[in-house]
Amino acid sequence: MFETTEQTLSLCGSFASAGFILAVLYNILRFPRLAFPKRKVMGALLDALFAIIAALTLFIMSVEYGTGFFRLYYFAAAAFGFAANMLTLGWLVPPLSKLFSRFCGAVGRLIARAVGVAVKPLCAICTKAAAKIAAIRKNMRENAENNKIRLQSHLQKVYNKSNRKIGEESGKGGERGNVIKAKVRKIV
C-alpha cells in the first residue's frame, strides 16, 4: 500500500508528537532515578516500564494510523520528537532532581531529629518500666517457691489417715452393694 505525501507528513507529525509525549513520560520516570541514584532496582524497573509503554504506544499508533504497517520513518519521527523534548525541556530534569534530593535529605534529617527528641523520654520510661517488671517477676518467682508445700520425706509417715474407708463397702451402695443390674435382652 502506497501512501501519499500528505498522509506521510501527517503520520510523521503524529509520531513526532507521540515521541515528544513519550519523552515527557521518560522525564517523569527519570526524575526519581536521578533524585535517588543509589536505588538501582527502582531505576531498572522504571526503565523497563518506560520501554514497555513506548513499545505499546508505537505499536498501537502504527496499527491505528499506519494501517497495520510499521515503517522506519514512524520510528524516526518518534525519535525526532523525543530528541526535541530532551533538548528543550529535558535539560531541566537533572538540576530539579538534585534539588529535590537535597530537599528530601533535609526533611529526612529534620524528621530524624524530631523523632530522636520525642523518643528519648520514651526510652527512659521503658527502661524504668523494664526494671520494675523485672523486680515484680523476681518477687513472684520467690513467692511461688515459698508457697510450695513440700511433703515430708519420712518413709513411715502416712497421709490421708482420716479417710480409712476407701475401698470398703458402705451400706448405702458402692462398688459391690445394692447395685442395680441392667437387664440384657438377646435378639434372636
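Residues numbered from 1 in each chain as written. Predicted model: local features only at pLDDT ≥ 70, side-chain atom pairs only at ≥ 80, totals over all residues. Heavy atoms only, no water.

### Brief notes about the pattern of salt bridges
Pairs may arise between side chains of opposite charge once their charged atoms sit close together.
Argument step 1. Using the criterion set out here, one finds one salt bridge in the structure.
Argument step 2. Among the salt bridges present, the one from Asp-47 reaches Arg-33, with a minimum N-O distance of 2.3 Å. Of this pair, Asp-47 sits in helix α2 (residues 40-64) while Arg-33 sits in helix α1 (residues 5-35); the two residues are 14 residues apart in sequence, bridging distant segments of the chain. (Salt bridge = Lys/Arg side-chain N within 4 Å of Asp/Glu carboxyl O. Helix = DSSP H or I, 4+ residues; strand = E, 2+ residues; numbered from the N terminus.)

### Regarding a nonpolar patch on the surface
Argument step 1. A cluster of nonpolar side chains, contributed by Phe-20, Val-24, Ile-28, Leu-89, Trp-91, Leu-92, Leu-96 and Leu-99, occupies part of the molecular surface with about 760 Å² of accessible area.
Argument step 2. Elements with a contribution of two residues or more to the nonpolar patch: α1 and α4 (93-147).
Argument step 3. Looking at the nonpolar patch, the element that brings in the most residues is α1, giving three residues. (Patch = residues over 30% accessible without salt bridge, like charges linked within 9 Å, V, L, I, M, F, W, Y side chains within 5 Å. Areas by Shrake-Rupley, 256 points an atom, 1.4 Å probe, with all protein chains shown as cover.)

### Quick notes on the environment of Phe-80
Argument step 1. Within the secondary structure, Phe-80 sits in helix α3 (residues 72-88).
Argument step 2. You can call Phe-80 exposed: its relative accessible area is 61%.
Argument step 3. In the structure, Phe-80 is positioned 60 residues away from Phe-20 in sequence and 8.0 Å away in space, judged by C-alpha atoms. (Buried < 20%, exposed > 50% of the residue type's maximum accessible area, 1.4 Å probe, protein only.)

### Considering the packing of aromatic side chains
Argument step 1. For the structure on display, the rule yields seven aromatic pairs.
Argument step 2. Pairwise contacts between aromatic rings join Phe-15, Tyr-73 and Tyr-74 into one cluster. (Phe/Tyr/Trp six-rings, centres within 6.5 Å; stacked < 30°, edge-to-face > 60°.)

### Things to note about the nonpolar core
Argument step 1. Leu-11, Phe-15, Ala-18, Leu-58, Met-61, Tyr-74, Ala-77 and Ala-78 together form the largest nonpolar core, which totals eight residues.
Argument step 2. The residues contacting Tyr-74, other than those within four sequence positions of it, are Glu-3, Leu-11, Phe-15, Ser-62, Gly-66 and Phe-69.
Argument step 3. Counting six residues, the second largest nonpolar core, distinct from the first, contains Leu-22, Leu-46, Phe-50 and Ala-54. (Core = buried A, V, L, I, M, F, W, Y, C linked by side-chain atoms within 4.5 Å. Contact = heavy atoms within 4.5 Å.)

### Some points on the side chain of Asn-27
Argument step 1. For Asn-27, the location among the structural elements is in helix α1.
Argument step 2. Take Asn-27: its relative accessible area is 8%, and that puts it in the buried class.

### Some words on the packing of α1 against α3
Helix-helix packing is described using two parameters, namely the angle between the two axes and the distance between the axes.
Argument step 1. Interhelical geometry of α1 versus α3 gives an angle of 45 degrees and a closest axis separation of 6 Å. Classified by the angle their axes make, α1 and α3 are oblique. Crossing hand, α1 versus α3: right-handed.
Argument step 2. In terms of residue class, the contact of α1 with α3 is built from 17 nonpolar, six polar and one charged. (Axes fitted to C-alpha atoms, helices over the stretch in contact; angles between N-to-C directions. Parallel < 35°, antiparallel > 145°, perpendicular 65-115°, else oblique. Left-handed = near helix turned anticlockwise from the far one by under 90°. Nonpolar A, V, L, I, M, F, W, Y, C, P; charged D, E, K, R; others polar.)

### Some thoughts on α2
The periodicity of an α-helix, 3.6 residues per turn, causes residues three or four places apart in sequence to face the same way.
Argument step 1. In this model α2 runs 36 Å from its N-terminal to its C-terminal C-alpha over 25 residues, within 8% of the 36 Å that 1.5 Å per residue would give.
Argument step 2. Considered for burial, the residues of α2 that qualify are Gly-43, Leu-46, Phe-50, Ala-54, Leu-58, Met-61 and Ser-62.
Argument step 3. At its buried positions, α2 is contacted by α1 and α3. (Expected span 1.5 Å × (residues − 1).)

Read these as layout, nothing more, since geometry by itself doesn't imply function.
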